[in-house]
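Given next are the chains, with one letter for each unit.
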Amino acid sequence: MADDTLRIDRSAKTLRTLALERMREAIMDFHFQPGERLVERPLCDQLGVSRSVVREVLRQLEAEGLVQMIPGHGPAVAKPDLGRTDEIYELRALLEGIAAKACATSATDGQIALLDAALAKLFEAWASGVPAEVMRATARFYEVLFEAADKRIAWEIVTGLNVRINQLRSMTITSPNRREPAIAEMNAIMDAIRLRKPEAAEAAARRHVETAWQIARDALRLGTL
């Protein structure tokens, strides 16, 4: 019997878009493990789409860094590379720190209220225990943060970087004892922004990214991902 866990419903979105979203989430949620081969025919059956759609999706995921082509074997889920991810987290810490600093400096009271609302949604997602929900709520919080900081180009860069490390981000979210420290780190960012303390906001934002990266780095070095 075919595995229907990835099957998609028809809607206004194109099949390609729906299949891409479902596959991206499946990789982030470790439905497919790093290094696992992605064979077209089973994917067609699981998603309920044609082989041409699957091929388009795999090409897009390869461009995003989530899939890699293995000579002689075809597409497989990409394995995180320590050197590249180190650079990505370094850039994230820099850009998110800059955005938090700018937000503390110039955000309006209304924008800070939107950030508070986004943070509350993020905490609800943490309480749900669903990594995909946490990642979506986290993305929304930072989208509001970068908008309030008027750093839209920086947000586009961060979004592109995050796509390449979503497996690692999902893993850090589900790490033992990560929830409470992460909540404290996010509260520290917001406290500094509310108090209009730019340097403190920047330091808190950088610290949050650096802590997550340390967890991911340890997992990579131990070979648990």
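Residues numbered from 1 in each chain as written. Predicted model: local features only at pLDDT ≥ 70, side-chain atom pairs only at ≥ 80, totals over all residues. Heavy atoms only, no water.

Per an unreviewed UniProt entry, the protein chain goes by the name GntR family transcriptional regulator and belongs to Mesorhizobium montanum.

A.B. asks: Just give me the short version of the packing of aromatic side chains, but keep the residues and values in it.
C.D. replies: Going through the model one piece at a time under the given rule, you end up with 3 aromatic pairs. Ring centres 4.7 Å apart and planes at 15 degrees place the aromatic pair Y89 and W213 in the stacked group. Residue Y89 is found in helix α4 (residues 82–106), and its partner W213 is found in helix α10 (residues 198–222); the two are separated by 124 residues along the sequence. Across this residue pair, the class does not change: Y89 and W213 are buried. Consider the rings of F146 and W155, whose centres lie 5.4 Å apart with planes at 40 degrees: the pair is tilted. Residue F146 is classed as buried on the basis of its relative accessible area of 1%. (Phe/Tyr/Trp six-rings, centres within 6.5 Å; stacked < 30°, edge-to-face > 60°. Helix = DSSP H or I, 4+ residues; strand = E, 2+ residues; numbered from the N terminus. Buried < 20%, exposed > 50% of the residue type's maximum accessible area, 1.4 Å probe, protein only.)

A.B. asks: Describe in detail empty space enclosed by the protein, supporting the description with residues and values.
C.D. replies: The final tally for this structure, using the stated rule, is 2 cavities of 30 Å³ or more. The computed volume of the largest cavity comes to approximately 210 Å³. Lining the largest cavity are 16 residues; nearest its centre among them are T138, T172, I173, H208 and A212. Put simply, the parts of the chain that give the lining of the largest cavity at least two residues each are α4, α5 (109–128), α6 (131–148), α8 (166–173), α9 (179–194) and α10. Lining the second largest cavity are R92, E96, T138, Y142, W155, V158, N162 and R169. Counting residues per element, the ones that place at least two in the lining of the second largest cavity are α4, α6 and α7 (152–164). (1 Å grid on protein atoms, 1.4 Å probe; cavity = no way out; pocket = protein on both sides within 12 Å on 5 of 7 lines; lining within 4 Å. Points joined across faces, edges and corners; volume = space filled by probe spheres on them.)

A.B. asks: Tell me what's going on with a nonpolar patch on the surface, and back it up with residues and numbers.
C.D. replies: Where nonpolar side chains cluster on the molecular surface, the patch consists of L91, L94 and I98 and spans about 210 Å² of accessible area. Tracing the backbone through its elements, the reader meets L94 in helix α4. Residue class for L94 comes out partly exposed when judged on its relative accessible area of 38%. (Patch = residues over 30% accessible without salt bridge, like charges linked within 9 Å, V, L, I, M, F, W, Y side chains within 5 Å. Areas by Shrake-Rupley, 256 points an atom, 1.4 Å probe, with all protein chains shown as cover. Salt bridge = Lys/Arg side-chain N within 4 Å of Asp/Glu carboxyl O.)

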